[in-house]
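Examining the three-dimensional arrangement
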Amino acid sequence: MSNEQSSPGLISWLLLIVLALVWGSSFILIKKSLLTFTAGEVGTLRMFIAFLGLLPFSLPVIRKIERKKLPVLFVVGLVGSLLPAILFAIAQTRLESAITGVINAMTPVFVLLIGLVFFHHRIKTINILGIAIGFVGCTFIMLGGAYFDLSGVNLYALFVIAATVMYGTSVNLIKHYLTDIRSLHITAVSFTLVSPISLGYLLTATDFLDKVGANPEFLSGIAYVTTLALIGTAMALVIFNKLVKTASPIFASSVTYVIPIVAIGWGLFDGEELNIYQIIGIGIVLVGVYLANKK
């Protein structure tokens, strides 16, 4: 058995911690980027900058990859990176970064569900209970944020849930179809394949070009998005894909246990507030995710 398929060891755990710190900081970077750019601009610019950063790694290998794997890599780039990047940015136009980071913890739940439905993974009763509790926690966060006044429920949380469903899909695709491709190449090539969509949308469907040189906050906005792209997207996804291959989809996705702590810390530091109902909901989500992953 190769090292790529070995059980999680010290290196895997260290990578998991680094990944949690990086991704946990992504939500505050999205928030700061939105001060300058629209959600669509943040999402597509983030992806295109990440593509440029990874281009030296994708060019030498893209023609060597089996043609039948290219559609899978395209889907991984689309549902595992591009669309979630846009959905998270849309969500954070109306949702606190801390709450976004918490709902993102539902990713392992959808890894499990999609693995069950489409890849015939086995699932135990306690995992089903965890899935149910996770959904209850998300509902509690949404309702609690409005103090259970249905008219004030922030439905933008649904954008985050949709993104976690896409992450769950991508993780399973990588584990089942791309284990023979290096983690760095999965990330680089998948970004390359969706880069025309990112650039095309950025240049034709947004006002990005009008902001170049005209918006006094342009440089600071670019700095936030570039950090988000190169560290919070490109580097983080390389680590994540490595974890998926060396350990398991569930182990890699368990990074979301620590992400909420980092995201909440940044949010509180930036002046965000959580009410008691949201805090209870956060606890319920984490319990649900734990049970969903329990062997």
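Residues numbered from 1 in each chain as written. Predicted model: local features only at pLDDT ≥ 70, side-chain atom pairs only at ≥ 80, totals over all residues. Heavy atoms only, no water.

With that settled, the discussion passes to the pattern of salt bridges. The tally for this structure, following the rule as stated, stands at six salt bridges. The residue Asp270 makes a salt bridge to Lys31 at a minimum N-O spacing of 2.8 Å. Taken together, the residues span a long stretch of sequence, with Asp270 in the loop between α13 (259-269) and α14 (276-293) and Lys31 in helix α2 (residues 26-33) at a distance of 239 residues. Judged by its relative accessible area of 22%, Lys31 is partly exposed. (Salt bridge = Lys/Arg side-chain N within 4 Å of Asp/Glu carboxyl O. Helix = DSSP H or I, 4+ residues; strand = E, 2+ residues; numbered from the N terminus. Buried < 20%, exposed > 50% of the residue type's maximum accessible area, 1.4 Å probe, protein only.)

On to helix α6 (residues 107-119). Given a rise of 1.5 Å per residue, 13 residues ought to cover 18 Å, and the 17 Å separating the end C-alpha atoms of α6 matches this to within 8%. A positive phi of about 60° marks His120, the residue just after α6. (Expected span 1.5 Å × (residues − 1).)

For the structure on display, the rule yields 13 aromatic pairs. A ring pair is formed by Phe37 and Phe208, whose centres lie 5.9 Å apart and whose planes are at 40°; its orientation type is tilted. Separated by 171 residues along the polypeptide, Phe37 in the loop between α2 and α3 (39-58) and Phe208 in helix α10 (residues 208-211) bring together distant segments of the chain. The residues Phe37 and Phe208 share a single accessibility class, namely buried. (Phe/Tyr/Trp six-rings, centres within 6.5 Å; stacked < 30°, edge-to-face > 60°.)

It is worth spelling out the confidence of the model for the protein at this point. Mean pLDDT over the protein works out to 88, with 96% of the residues at or above the 70 mark. Helix α4 (residues 70-91) holds the highest mean pLDDT among the elements of the protein, 96, whereas helix α12 (residues 249-253) holds the lowest, 70. Note on residues 1-6: pLDDT is under 50 here. Beyond four places in sequence and across chains, it has eleven contacts. (pLDDT = per-residue confidence, 0-100. Contact = heavy atoms within 4.5 Å.)

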